[in-house]
Structure formats: structure tokens, C-alpha cells
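Residue strings, one per chain:
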There are 2 protein chains.
Amino acid sequence: MKYPQSAIEAKASLLMIDRPQLKNDRLLRALRREAVDRTPIWIMRQAGRYLPEYRATRARAGDFLTLCKTPELACEATLQPIQRFDLDAAILFSDILTIPDAMGLGLSINEGDGPRFARPLRSPNDIRKLGIPDPDIDLRYVLQAVRLIRAELAGRVPLIGFSGSPWTLATYMVEGGTSKDFMKIRSLMYANPESTHVLLTKLSHAVADYLNAQIAAGVDVVMIFDTWGGVLTARDYQTFSLRYMQKVLAGLKPHAERGAVPTVVFTKGGGQWLEAIAATGCDAIGVDWTTGIAEARRRIGSRCALQGNLDPAVLSASPARILEEVRSILAEFGAGSGHIFNLGHGIHPTTDPDRVAVLVDAVHDMSRAYHDDISNSQSATGTT
Amino acid sequence: MKYPQSAIEAKASLLMIDRPQLKNDRLLRALRREAVDRTPIWIMRQAGRYLPEYRATRARAGDFLTLCKTPELACEATLQPIQRFDLDAAILFSDILTIPDAMGLGLSINEGDGPRFARPLRSPNDIRKLGIPDPDIDLRYVLQAVRLIRAELAGRVPLIGFSGSPWTLATYMVEGGTSKDFMKIRSLMYANPESTHVLLTKLSHAVADYLNAQIAAGVDVVMIFDTWGGVLTARDYQTFSLRYMQKVLAGLKPHAERGAVPTVVFTKGGGQWLEAIAATGCDAIGVDWTTGIAEARRRIGSRCALQGNLDPAVLSASPARILEEVRSILAEFGAGSGHIFNLGHGIHPTTDPDRVAVLVDAVHDMSRAYHDDISNSQSATGTT
């Protein structure tokens, strides 16, 4: 299958958009299960502390949140891994907790201890009083960053926007920060499901608005990070996490020129529920390293693309060992499109950047064997 | 199926053992998938901080580790939940890290922060130097506690002994304590699999010796807690965790009079691998709350009993809500034996003990409907 746009339509939209056509569209093609020349790769938290240039930018910002809130610096951080490695996508440098911050909870982030809210949700009344942010006002700094990044990328690779899932945002807002056991939010869920649903409904509106604003500002793909859906029972996952991610997906609007924007849903620890995630109609499922990618493909077929799933700890091993693990994951996925190589979770701050270069090049080199030679076709020349 | 012992054999063994016959053998029957009058229940960490009487014992001990190492106090803590609730089993009060402590790593436990080792494993040489403890000498306090508890229980309910899995012990020994991401042990595993296997081999011998000593001292069931097997990839789980639990199981010796002691294997986050766990030949699989018990039974059938899997957070809800969740789990498991009701993980310290009473009584009351009336048969009168 080719892109749904005809050549004429593509040209027409080109006149209207703010950047040249994509030079590298592997990610978008893989998301649509269309032929690619190599398996695309990007890395969760690819802009981050393992990069010395990121640490320098962060030092200039003073603290993590100022970095997120300063569009020029967020743009700089977003582009750093793209400049260093042959990655197939950029991902907006930001934090999943920008929405609760915009809701007035008073976010502070210490990269060692994790995030803290000055005013966590402590009662049903706190939940009732919550308003839904207007991204164009309350999260303007994110949208400015998206526009800047898009202009700077100049079509080199697609840009991924993202949000936390409603459930994941709710966990932080109720716990007040990171948690080991999530007892506060899970207790709320059992003791007062009504209030929990009020909170999640508000958050699903807020997340949909936020992602729509990112799409309007120029992201090419959106990803929902459901970092803590995996702490729920199978039934509660459906009721309290997946259902609200589905509401978000249903609330996404196509871009005026580029049409529907592909979506990725990633529930860490959600390996048992891949079929249910696929049923949301997302374009890709993020798979953590606890689920074999062969098993995931067997269960999901071509209903969704699959993104993952190298254990981030592998990057601490020797180059030879990294190659071995890449070979194994590529072989497990097998031939054909629909695989976006990634880690199964964010890259660890102690990772040696040279190991990332080994990984990225290995994925590109070794994956050729799993794809037909399409070097003479339209896609490899970058025409979207 | 009746117990394998004939009445004469039972009487013969009675003359040789150090306690009267079991008055409540529901747990042992359920472990063997034999008919029971009600679903048995015990609770992970049933002796613990949520009980005021435990906090008093702990205060007398001064600190957690002294409590573990003083047989009279460990016995007292073990019996407290049995005195308060109508539980179907006692579990030895101890810690999973007694083995690494006996190996010389210098354990200290602060119940807030978790365990710390003064001398964590930092090099292959540290691993090479590790000796295997002799439980009769190095862990004598545990065996003394088992004998005391067994005498005090006087056959009221069975006593469960336990150990951490080799992999789980290794994580603490290499990380030096609790960890959020287990990067040190996972890095070791990828960078130096040989040393990791040396460590796990030593630990599987140590765990088998330890459980054999507990069996000889009088425990009726042994459980292996694989708290951190769930952080591994599917393949590494088999290679680095399950394989060594299987070695432990293979190394268990039958009790001189009571024969083979039933075994429970619990991998938290192991819902994707239940079939592989069943293949170890364990008698029961612990199931955490992320896997539906109906799905677990569908996958495992009667190959193993299933233990679990109420979300501990449910105990913070109203009694009505607790009843609803108990009803749901019992209905999900359905009719017949082979279910041991439990939480999907340890009880939370903030739990109100009255809620535990509600839970225990609800399981006994509501589960009658799922079992044939065996009130006139031998088992309900407690003859083993």
C-alpha cells in the first residue's frame, strides 16, 4: 500500500505546510505497515542525561523544569540526539507532568528523586475543582517548542509528540510524586470509583486537547505513555486506564493538511493486554522487554505496528553483546514492515553514548535482510 | 483422591512426629487439588506492621533484624495473625535476605527504606569468594524459630516456610539494597553472564539447603518468592530465574515421615510465564493481581494449584467493596479445589486489621458454594 495521498494532493499540501517534505519517512511507513528499506529506530528518552551536550544545556537552564519550559532549550535538547546518531525520529523534549502542572498542582522535578507536586489531590473536592487547561495558553511553551523543533528539523526526520495517559497522570497527581506501591491512587479507585472516574474523564479531555494542540503545531506522530497501567488488575486496567486512552484516541483530530496522525500506545507492564490495546485502533503498540517481540507479533499480526523492545540494560554490555541482542530481536520480529526498533523503556542515564551509536547502526545494518530492496522506489527517496 | 497415607500409616507416622495431627488441612488439600469444604486463605506478610501487637513485639525487639534473629520473638510474630484471624496457614516470620546475610554481606533493615548490605557484591572476585552457608550453623535461629512455632501451633494450621529465589537474592546482593531499575544486576547479567551464573548456582544450592533444613525442622509447605523475576525479558527469566528455581525444587528432599513437601512458586510480574512456571513441577503458582485468576486457571488447568490474587489496595475500601471483590475472584476461579486465596502481593502496613477479618470470613463464607459438602467426610474433621 502506498500513502493514501495522490501525488497531486501531496504537492497541494506541500504548498501549505511549514517545512519541506520528510527526508526520512521510515517511521511513518513502519507505523502504516508499509514497505521500508530498514527498520526505523528511535530511543525512549534519547534526549537526556546520558548525553554530555544535554547535561550542558540542562546546566544552562538551571533545572529540569526550566529546560522544559524554555522553547529554545527544549528545541536544543530535542535535536541533540538527532545530530549525534542516525535516528529515524525526534521526540519532543518535555515531561509527562506538564498537564497536571498546568492544572495548578505545582510541579517540581529533581532528576534524582523524581517529580513532586506541592498541591497533590487529597479529596474528591480537589478533583471537582480541577479545570481543564487550554494548551494554547497554559501549555504554550510546549507548542512553541514544537514549532521551533519542526522548523529546525527541516524535514530531516518526523517529530513525535506525546502525553502521559490519563491513568498515569492521575497516579502522580494523587500520590503527590513517584510511588513504590501506588496505594493512594489504588485505594481511591476502590474506595471512591466515582471520583476516580471524574478525574480520569477530566484528564482524558485535557490529554486529547493537548495532543491536538501538538498536532496542530506540527508533530507527525503522537505517543501515549501509560507508565503505570501495569500496576492494575486486568479488569481495572480496562476500566481505569485503557478506556480513557481510547477516549483520548477518539478525541484526536486529523491535521488540516496531513490528515490523521499515527498513534502509539505504550503501557509498561502491559504485555498481558496487547490484544486489548490493539483493539483501541492505535497504529502501534509499545512493547516493554518482558514480552518477546515474536510472541507480540504472533498475537497482534499486522493489526498494529510494534515498537520495542531491547532491555535498556543491554546498552551497558559490550558492542558484541549489543549486536547479538539486536540480531535476536530483529530475527524474532522477522521479515516485513511494522517494527519500530526501540528500547523497552527509557535509556538509563549511565549509558555510554558510543553504545547508542553501535545500537542505531546495528539496527540499520542488520535489518536490511528483513526488508525487500526498495531503493529504486518512491519511499526511499523520501517523497511523502 | 484421599491422602496417600492409609490410616495405619498415618497413625504410625503420628507416633514419630513432634505434634498432633493437623486440625485444619485445607491448605494442604488445596495444594494437592483434593476436595475442601471451603477455599483456604492466608495472607502474604500476614505477620507485620499493620498489626498493633506486631508493632509491640517489634518495639521490644528494638529492630526488625533482631526480631527475625530471636526465635521466641519470631515465633510470637508468626502466631499473632493466627490468634486474631481464622487463617488457614501460618507463615514463618523471617526475611528473604537471611541467606545473603549468612553469606557475610552484612544486612541491615530499616522498615521504611528497605534492606541494605554493608558489603554488596562488586566484582566477579566477590562472587567467587562467596561460600554456601550451613543452615544448621549459620541460620540456626530460623530453624529454632520453626521448631518453636511448630510446637506452639500444635497442629492448628500448617506452617509455611520460605526463601527468596536465587535471582531475587542476587538482585539485592548486587544492587546493595532495593532498586528502582535493577541496572547493576541486569548490567552484570549482560556483561558477564558467566559470573552471574556462578552466583545463581551458589544461591540455588544455598536456597535448597535452607529449605531442606526448614523442612527437617518442621514446615509443611515451602514457598519461593521470586519478587524480581518480573524485571527480566521472557528469555532471561527462563535462563536466570526460573531455571534456578527449578534447581532448588529438584534439590528438595522429602521429609522423613511426612514425605514430599508441597511447593509454591511466586514470580511477581510473572503472569506472562505461568505455563513455564507450571512446568517446573511446583504444586502451586502464586499469581499477582495483574493476571485474572480465571485466565490463569484456563491456562494452567489442574496442573498446579493457584494462589492469589486480591489487590492489597482493596483492603483500604469499605467492607461491602471487599465482599464484592472476594465474590468476583471466587466466581472467576469457579468450582472445585486448587485455589488458595491470598493477596496478589504483601499486605500494606496501613491496612486496618478489621478489614482483614472481613476478608478472611468472606472467603470462608462465600466459597462454600464452590465446594461440595464434605462435612461428613474424613478431611473436614481434620484427619490427615
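A few points on the structure. Quantities reported herein were computed from a predicted structural model and do not represent experimental measurements. Here the residue index of a chain counts from 1 through its sequence in written order. Chains and ligands are labelled sequentially in the order written, the chains with letters from A and the ligands with numbers from 1. Under the rules for a predicted model, residues below a pLDDT of 70 receive no local features and side-chain atom pairs below 80 are neither given nor counted, while totals for whole chains, interfaces and linings still include all residues.

1. Some remarks on the interface of chain B and chain A
Here is step 1: Placing a C-beta atom from the backbone of each residue, one calls two residues in contact when those atoms lie within 7 Å. Across the contact, 27 residues belong to chain B and 27 residues belong to chain A.
Here is step 2: Under the scheme used here, helices are H or I runs from DSSP no shorter than 4 residues and strands are E runs no shorter than 2 residues, and both carry numbers assigned from the N terminus. Sorting the residues of the side of chain B that touches chain A by element identifies α11 (183–191) and α13 (234–250) of chain B as the ones contributing at least two each.
Here is step 3: The biggest single contributor to the side of chain B that touches chain A is α11(B), with five residues.
Here is step 4: Residue classes follow a fixed rule: Ala, Val, Leu, Ile, Met, Phe, Trp, Tyr, Cys and Pro count as nonpolar, while Asp, Glu, Lys and Arg count as charged, and any other residue, Gly among them, counts as polar. Along the lines of polarity and charge, the residues of the side of chain B that touches chain A split into nine nonpolar, 13 polar and five charged.

2. With respect to unusual backbone geometry
Here is step 1: A cis amide bond, omega -5°, links G308(A) with the succeeding residue N309(A).
Here is step 2: Structurally, N309(A) is set in strand β8 (residues 305–310).
Here is step 3: Even without being glycine, A154(B) reaches a positive phi, approximately 50°.
Here is step 4: With respect to the element layout, A154(B) can be found in the loop between α9 (140–153) and β4 (159–164).
Here is step 5: Not every positive phi belongs to a glycine, and F182(B) is a case in point at roughly 55°.

3. Considerations on the environment of L199(A)
Residues and elements named next belong to chain A.
Here is step 1: By the secondary structure assignment, L199 is in helix α12 (residues 193–217).
Here is step 2: Here L199 falls in the buried class, since 28 other C-beta atoms lie within 10 Å of it.
Here is step 3: The spatial distance from the C-alpha of L199 to the C-alpha of P166 is 8.4 Å, given a sequence separation of 33 residues.
Here is step 4: Setting aside chain neighbours within four positions, we find L199 in contact with I127 and A170. To sort residues by burial, count the other C-beta atoms lying within 10 Å of each one's C-beta; a count of 20 or more means buried, 12 or fewer means exposed, and anything in between means partly exposed. C-beta atoms are built from the backbone.

4. Notes on helix α16 (residues 319–333) of chain A
All names here are of chain A.
Here is step 1: Helix span, expected: 1.5 Å multiplied by one less than the number of residues in the helix. Compared with an ideal rise of 1.5 Å per residue, which puts 15 residues at 21 Å, α16 spans 21 Å between its outermost C-alpha atoms and is within 8% of the ideal.
Here is step 2: By the burial criterion, the buried members of α16 are I322, V326, I329, L330 and F333. Burial along α16 is one-sided: seen end-on, the buried residues are contained in an arc of 100°.
Here is step 3: Where α16 is buried, its residues meet α15 (293–300), β8, β9 (339–343) and α17 (353–367).
Here is step 4: Directly beyond the C-terminal end of α16, a positive phi value near 85° is found at G334. Within this analysis, the arc is defined by the directions that extend from the helix axis to the C-beta atoms.

5. Some details on helix α17 (residues 353–367) of chain B
Residue and element names in this part refer to chain B.
Here is step 1: Between its first and last C-alpha atoms α17 spans 21 Å; for 15 residues at 1.5 Å apiece the expected length is 21 Å, and the two agree.
Here is step 2: If you check which residues of α17 are buried, you get V356, L359, V360, A362, V363, H364 and S367.
Here is step 3: Packed against the buried residues of α17 are α16 (319–333) and β9 (339–343).

6. Some details on the sheet that holds β8(A)
Residue and element names in this part refer to chain A.
Here is step 1: As summarised here, the arrangement of the seven strands in space is β1-β4-β5-β6-β7-β8-β9, forming an open sheet in which the pairing is parallel. Unpaired on one side and paired on the other, β1 (90–91) and β9 mark the two borders of the sheet.
Here is step 2: Note: strand β7 (residues 284–286) against β8, three bridges, orientation parallel. Bridge assignment links A284 to a residue of β8, and that residue is A305.
Here is step 3: Interaxial angles span 0 to 180 degrees and are taken between N-to-C directions of axes, which are lines fitted to C-alpha atoms, for helices over the stretch in contact. Together, β4 (159–164) and β5 (221–226) form the strand contacts of α12, whose direction differs from that of β4 by roughly 165°. Paired strands are those between which DSSP finds at least two bridges.

7. Some points on the packing of helix α5 (residues 71–84) of chain B against α9(B)
Residues and elements named next belong to chain B.
Here is step 1: Where α5 meets α9, the closest approach of the two axes is 8 Å, and the angle between their N-to-C directions is 50°. Comparing the axis directions of α5 and α9 gives the class oblique. Here the hand of the crossing between α5 and α9 comes out right-handed. Facing P71, E72, A74, C75, T78 and L79 of α5, the residues of α9 in contact are Y141, Q144, A145, L148, I149 and E152.
Here is step 2: When grouped by side-chain class, the residues that make up the contact of α5 with α9 number eight nonpolar, two polar and two charged. An angle counts as roughly parallel when it lies under 35 degrees, as roughly antiparallel when it exceeds 145, as roughly perpendicular when it falls between 65 and 115, and as oblique in every other case. The sense of a crossing depends on the near helix, which, turned anticlockwise from the far helix by less than a right angle, makes the crossing left-handed and, turned clockwise, makes it right-handed.

8. Here's the deal with the relation of the copies chain B and chain A
Here is step 1: Take chain B, turn it by 180°, move it 0.0 Å along the axis, and it overlays chain A with an RMSD of 0.0 Å. Each copy turns onto its partner about a two-fold axis. Judged by C-alpha distance, Q272(B) is the residue of chain B that lies nearest the rotation axis, at 3.1 Å.
Here is step 2: Comparing interface residues between copies, 100% of those in chain B also sit at the interface in chain A, which points to an isologous, same-surface contact. Least squares is the method used to superpose the copies, on C-alpha atoms of residues holding a pLDDT of at least 70 in both.

9. A closer look at the pairing of β4(B)
All names here are of chain B.
Here is step 1: Within β4, six of the six residues are buried, leaving the element largely enclosed by the surrounding structure.
Here is step 2: Looking at chain direction, strand β1 (residues 90–91) and β4 are connected through two bridges and run parallel. In the sheet register, A90 faces β4, and the bridge partner there is L159.
Here is step 3: With five bridges connecting them, β4 and strand β5 (residues 221–226) associate as parallel partners. Across the sheet, residue G161 finds its bridge partner in β5, namely V222.

10. Some thoughts on the nonpolar core
Here is step 1: Put simply, a nonpolar core is buried Ala, Val, Leu, Ile, Met, Phe, Trp, Tyr and Cys residues tied into one set by C-beta atoms within 7 Å. Counting 236 residues, the largest nonpolar core has L92(A), I160(A), L92(B) and I160(B) as its most contacted members.
Here is step 2: In contact with L92(B), other than residues within four places in its own chain, are T78(B), A145(B), V146(B), I149(B), L159(B), I160(B), G161(B), F162(B) and V219(B).

11. Things to note about the pairing of strand β6 (residues 263–267) of chain B
Residue and element names in this part refer to chain B.
Here is step 1: Most of β6 is tucked away, with five of its five residues classed as buried.
Here is step 2: The alternating pattern of β6 places T263, V265 and T267 on one face and V264 and F266 on the opposite face, and all of these are buried.
Here is step 3: Bridge count between β5 and β6: five bridges; the pairing is parallel. Directly across from V222, in β6, lies its bridge partner T263.
Here is step 4: Whether a crossover is right-handed depends on one test, that the path from the first strand over the helix to the second runs clockwise when the strands point away from the viewer. With α13 bridging β5 and the parallel β6, this β-α-β connection has right-handed handedness.
Here is step 5: In this sheet, strand β7 (residues 284–286) lies alongside β6 in parallel orientation, the contact comprising three bridges. Opposite V264, over in β7, you have A284 as the bridge partner.

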